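Summary of the model geometry
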Amino acid sequence: MDADRRYLLMRTDVLMGAFRELPPEARQQAFAALARSANQGGGASTRAYFQSLQGDVSALLNTMTAYSAELGWGVWSFSRDAQAHEIHLKVHNSPFAAGFGASDCPVCHPIAGILQTVGELALGQPASVQETCCSAQGHAHCEFHIHALPAPASQ
């Protein structure tokens, strides 16, 4: 338990194997649902960390780096381009990629889901997250790009 947030220890090949068993079209829907769920649940934890850190973005990224390793979510390394309103994340040893195995497309949707909230908090506005390469695709690491979405036009 972390405050009122409950965690589960589970083999990644069991979790990701369930996705591998699905037909491709159902797999993509399930992956999208997993990302949304990670955004909601993991986003609540991320917001709690951010609040306890008094809104310090650097401290949030350092906390996410430490906790991701502690929780078995791989080794995270953030870089920020404040001028471009972008954040980049490299993940070495992603449990999701390792648990899924070889894939034609990225499979680290839980990380992308949590990064949605990280991006919104760190950039101060709605953000978009894209996994641009995944170790399940044969890359040395997984990479995510988070960028601020344009503000909606006023009417």
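Each remark here, short or long, concerns the structure printed above.
Here's a quick rundown of the structure. (Residues numbered from 1 in each chain as written. Predicted model: local features only at pLDDT ≥ 70, side-chain atom pairs only at ≥ 80, totals over all residues. Heavy atoms only, no water.)

**Some points on the nonpolar core**
Membership of the largest hydrophobic core comes to 36 residues, with the highest contact counts inside it found for Phe78, Val107, Cys108, Ile111, Leu115 and Phe144. Looking at which element gives the most residues to this core, the answer is helix H5 (residues 109-123), with seven residues. With sequence-adjacent residues up to four places away left out, Ile111 is seen in contact with Trp73, Trp76, Leu89, Val91, Ser94, Phe96 and Phe144. (Core = buried A, V, L, I, M, F, W, Y, C linked by side-chain atoms within 4.5 Å. Buried < 20%, exposed > 50% of the residue type's maximum accessible area, 1.4 Å probe, protein only. Helix = DSSP H or I, 4+ residues; strand = E, 2+ residues; numbered from the N terminus. Contact = heavy atoms within 4.5 Å.)

**Considering H5**
Working note: α-helix, 3.6 residues per turn, so residues spaced by three or four point in the same direction. For H5, built from 15 residues, the straight-helix expectation of 21 Å at 1.5 Å per residue is met to within 8% by its first-to-last C-alpha distance of 20 Å. Of all 15 residues making up H5, twelve are buried, and the element is well covered by its neighbours. Taken together, the buried positions of H5 are occupied by His109, Pro110, Ile111, Ala112, Gly113, Ile114, Leu115, Thr117, Val118, Gly119, Ala122 and Leu123. Just downstream of H5 lies Gly124, where phi reads positive at about 75 degrees. (Expected span 1.5 Å × (residues − 1).)

**A word on the packing of helix H3 (residues 57-70) against H5**
In helix packing, the relevant descriptors are the interaxial angle and the interaxial distance, both defined with respect to the helix axes. Packing of H3 against H5 brings their axes to within 10 Å, and their N-to-C directions diverge by 165 degrees. In terms of axis orientation, H3 runs roughly antiparallel to H5. Relative to H5, H3 is oriented so that their crossing is left-handed. Taking contact as the criterion, the partners of Val57, Leu60, Leu61 and Met64 in H3 are, on H5, Ile114, Val118, Leu121 and Ala122. Considering only residue class, the contact of H3 with H5 consists of eight nonpolar, no polar and no charged. (Axes fitted to C-alpha atoms, helices over the stretch in contact; angles between N-to-C directions. Parallel < 35°, antiparallel > 145°, perpendicular 65-115°, else oblique. Left-handed = near helix turned anticlockwise from the far one by under 90°. Nonpolar A, V, L, I, M, F, W, Y, C, P; charged D, E, K, R; others polar.)

**So, unusual backbone geometry**
In this structure, Gln54 is a non-glycine residue whose phi angle is positive, near 55 degrees. Within the secondary structure, Gln54 sits in the loop between helix H2 (24-52) and H3. Given the relative accessible area of 69%, Gln54 is considered exposed. At His85, a residue that is not glycine, the phi angle is positive and equals roughly 55 degrees. Residue placement: His85 occurs in the loop between strand E1 (75-81) and strand E2 (86-92). What makes His85 partly exposed here is its relative accessible area of 41%.

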